[in-house]
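Structural overview for review
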Amino acid sequence: MHGLRIVTAVAALALAGIPAFAQGVAPGGPIGGSTGIGSGLGGVGGTGPSWPNGTNQAPQPPVYSVPPGGYPSPAPPSTYMPSPSVAAPSTGGGSSYRQPNEPYPTSSVRPPATIPLVLPEKPNGSVVFVKGCWRTDNFAYAQHRGTITWCFDDKGGGRYLYTRTDQPNVFFCRALAQASWNAGALELRGVKLACDDGSANAPAELTCRDGVEGALCTSAGQSWTVRLFRVR
């Protein structure tokens, strides 16, 4: 019995003395990241050392499309091809947007005006009904023919523009405008009138009273009577 114990101890010492590399472990201890007792094969089936990317292959350095520090001079030609753009249709030169000539564009072609200015049956001092822009009939003044366009807000303040229709786009007179009631008549006045030639040669006031087909308006010292029609 004592001899059997001695044989068993000797066998244990012999097994302990087998080199570590027989178990797939390098001398001096296990490789970092391995199990220490693996097969040494790595990969999916093995238990050998592995890398942080999940394989037994060392990570490869990234390959950039542009080398660090940029291309040497001169740089290689670009392969970028811009997508074709759709060109805006030509308008024959110049902008297609209308210019902000107030109170209406300076053109010999005028929009039709068919709605006359009508005074309220019982005036109460309000001038809210004149809100908008109104143009007179064509009339004679200082050997020329022309029209006046009045634009008002709901308080009766606004703008005045006199245009010579026999000199379109040539002669204009501008002013501030004011509408108010006076003894049952609607008075329209241009304030601080100024014309293109430096004068104030334009009718600056109209007095309007109720008529059969809209208000009838006259100007002091003039023999004509005009009506006003909505243009805006």
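Each value, and the rule that gives it
- Residues numbered from 1 in each chain as written.
- Predicted model: local features only at pLDDT ≥ 70, side-chain atom pairs only at ≥ 80, totals over all residues.
- Heavy atoms only, no water.
- Helix = DSSP H or I, 4+ residues; strand = E, 2+ residues; numbered from the N terminus.
- Buried < 20%, exposed > 50% of the residue type's maximum accessible area, 1.4 Å probe, protein only.
- Areas by Shrake-Rupley, 256 points an atom, 1.4 Å probe, with all protein chains shown as cover.
- Contact = heavy atoms within 4.5 Å.
- Salt bridge = Lys/Arg side-chain N within 4 Å of Asp/Glu carboxyl O.
- Phe/Tyr/Trp six-rings, centres within 6.5 Å; stacked < 30°, edge-to-face > 60°.
- Lys NZ or Arg CZ within 6 Å of the ring centre and 35° of its normal.
- Disulfide = S-S within 2.5 Å.

As for the overall build of the chain
Scanning the chain for helices and strands turns up one helix and ten strands. Counted from the first residue to the last, the chain has its helices and strands arranged as α-β-β-β-β-β-β-β-β-β-β. Burial status across the chain gives 25% buried among its 232 residues. As displayed, the chain has an accessible area near 15800 Å², and 59% of this comes from carbon and sulfur atoms.

Examining the side chain of Thr136
Mapped onto the secondary structure, Thr136 falls in strand S1 (residues 132–136). Contact partners of Thr136, with chain neighbours within four places excluded, come to Thr147, Ile148, Trp150, Leu206, Val226, Arg227 and Leu228.

Regarding the pattern of salt bridges
Enumeration over the complete set of coordinates arrives at three salt bridges. A salt bridge links Arg189 to Glu187; the nearest nitrogen and oxygen atoms lie 3.6 Å apart. A relative accessible area of 26% places Arg189 in the partly exposed class.

Here we look at the packing of aromatic side chains
Overall, the coordinates contain seven aromatic pairs when judged by the stated rule. With a centroid separation of 6.4 Å and 80° between ring planes, the pair formed by Tyr162 and Phe171 is classed as edge-to-face. By relative accessible area, Phe171 is classed as buried at 6%. One aromatic cluster is present, built from ring pairs that chain together Phe139, Tyr141, Tyr162, Phe171 and Trp224. Arg164 extends its terminal NZ or CZ atom over the ring of Phe171, reaching a point 3.6 Å from the ring centre.

Concerning the state of the cysteines
Under the criterion given, the structure shown has three disulfides. The side chain of Cys173 participates in a disulfide bridge whose partner is Cys195; the two sulfur atoms lie 1.9 Å from each other. Here the S-S torsion is close to 105°, and the disulfide linking Cys173 with Cys195 is therefore right-handed. Here Cys195 lies in strand S6 (residues 185–195) and Cys173 lies in strand S5 (residues 172–182), a separation of 22 residues in the sequence. With its sulfur 2.0 Å from that of its partner, Cys208 forms a disulfide with Cys217. Taking the sign of the torsion about the S-S bond as the criterion, the disulfide between Cys208 and Cys217, at about 110°, is right-handed. Its relative accessible area of 0% is what places Cys208 among the buried residues. Here the disulfide map of the chain reads 1-2, 3-4, 5-6, the bonded cysteines being numbered as they appear in the sequence.

Nothing here speaks to function; it is geometry throughout.
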